[in-house]
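Here's the letter readout for the chains.
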Amino acid sequence: MAVEAREMGLDSLAAVGVPAGEIRGVRVFSTVVIREPSVKGVIAALRDTAKGRDLVLVDAGDQAFNRAVISLRGVDVLRQVHRAPNGAFTHVTARMAAEHGIALEFDLHPLVQHRGWPRQRVLQTHARLLRLQRKYGFPCTVATNARSILDLRSPREMAALSRLFGMGEEETLLALATPAEQQARTHLAHAEAAARIDAIDRVRARVGVAVRRARILRVGRHRVCGEHECGAGADGDGLCIGV
């Protein structure tokens, strides 16, 4: 599968039950998927099976479950939200995911396998989640959940599938990065924006000082001449310029 992935233009794979490493130039992330229905079960799985893994994915549940999972240390990705009950991922959950740096998975597999209303429901859910992602800025990932080489898709194919629910090509390429890489890029963008704002503030401060100095010099050149109320005093040091 790694060879086929390389031929398709992929440089990394998240593989379950495979040790981390590099195969034929493709970086393999050791991944574990936790499918426990309770928070206690997730905590136990994090302790027993997730140690030493590159990525830890947890299947979504109801709203209370998702909020609890997002706050757990060691979780990287919340997946299968389109299969969760209605209201499982709200504005509050989205804000928590952004604060904790937890990624949300957009599963492309059902877009290929499903037809009719089931496929339309997944598209609607993905579109709603994408709006939340754009608003709150939590990381996201695009996955095919391939079980064989027949399920693999190239970046171009994944971008085409993602467009069905409104995700742009640049957003898809960013989503193909790992959550850690996404956070690093986000922090870099924030740092660059802060540096630009700081530079603008410094320029504004210098302009403000120059304006104040100009006003002081203008007032200092005035005197009460009897024709104009210059307001600079009548000590004779200044020169009225008739304003």
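No experiment lies behind these values; they were computed from the predicted model shown.

Trainee: How should the pattern of salt bridges be read in this particular structure?
Mentor: Per the stated rule, a full pass over the model turns up five salt bridges. Here Arg35 ties to Asp59 by a salt bridge, and the two come within 3.6 Å at their closest N and O atoms. With Arg35 in the loop between strand E3 (26-34) and helix H2 (39-48) and Asp59 in strand E4 (residues 55-59), this pair connects stretches of sequence that are 24 residues apart. Relative accessible area serves as the criterion here: at 57%, Arg35 is assigned to the exposed category. The exposure class assigned to Asp59 is buried, which follows from its relative accessible area of 16%.

Trainee: Looking at this structure, how should I read the nonpolar core?
Mentor: For soluble globular proteins, the rule of thumb is that nonpolar side chains tend to be buried together. One finds Phe89, Phe106 and Phe165 to be the most contacted residues of the largest nonpolar core, which totals 48 residues. No other element matches helix H6 (residues 116-136), which puts seven residues into this core. Not counting residues up to four positions away in its chain, the partners in contact with Phe165 are Phe106, Leu108, Leu111, Leu123, His126, Ala127 and Leu130. In this structure, Phe29, Leu55, Leu57 and Ala103 belong to the second largest nonpolar core, which totals six residues.

Trainee: So what exactly am I meant to see when it comes to the packing of aromatic side chains here?
Mentor: Both the distance between ring centres and the angle between the ring planes are used here to describe each pair of aromatic rings. Within this structure, the stated rule accounts for two aromatic pairs. An angle of 10° between the planes, with centres 5.4 Å apart, marks the rings of Phe106 and Phe165 as stacked. With a gap of 59 residues between them, Phe106 in strand E6 (residues 103-107) and Phe165 in the loop between helix H7 (155-162) and helix H8 (169-175) connect regions that are remote in the sequence. Phe106 gets classed as buried once you look at its relative accessible area, which sits at 0%. Classification of Phe165 as buried rests on a relative accessible area of 5%.

Parameters at a glance
- Residues numbered from 1 in each chain as written.
- Predicted model: local features only at pLDDT ≥ 70, side-chain atom pairs only at ≥ 80, totals over all residues.
- Heavy atoms only, no water.
- Salt bridge = Lys/Arg side-chain N within 4 Å of Asp/Glu carboxyl O.
- Helix = DSSP H or I, 4+ residues; strand = E, 2+ residues; numbered from the N terminus.
- Buried < 20%, exposed > 50% of the residue type's maximum accessible area, 1.4 Å probe, protein only.
- Core = buried A, V, L, I, M, F, W, Y, C linked by side-chain atoms within 4.5 Å.
- Contact = heavy atoms within 4.5 Å.
- Phe/Tyr/Trp six-rings, centres within 6.5 Å; stacked < 30°, edge-to-face > 60°.

Shape is all these values report; function is a separate question.
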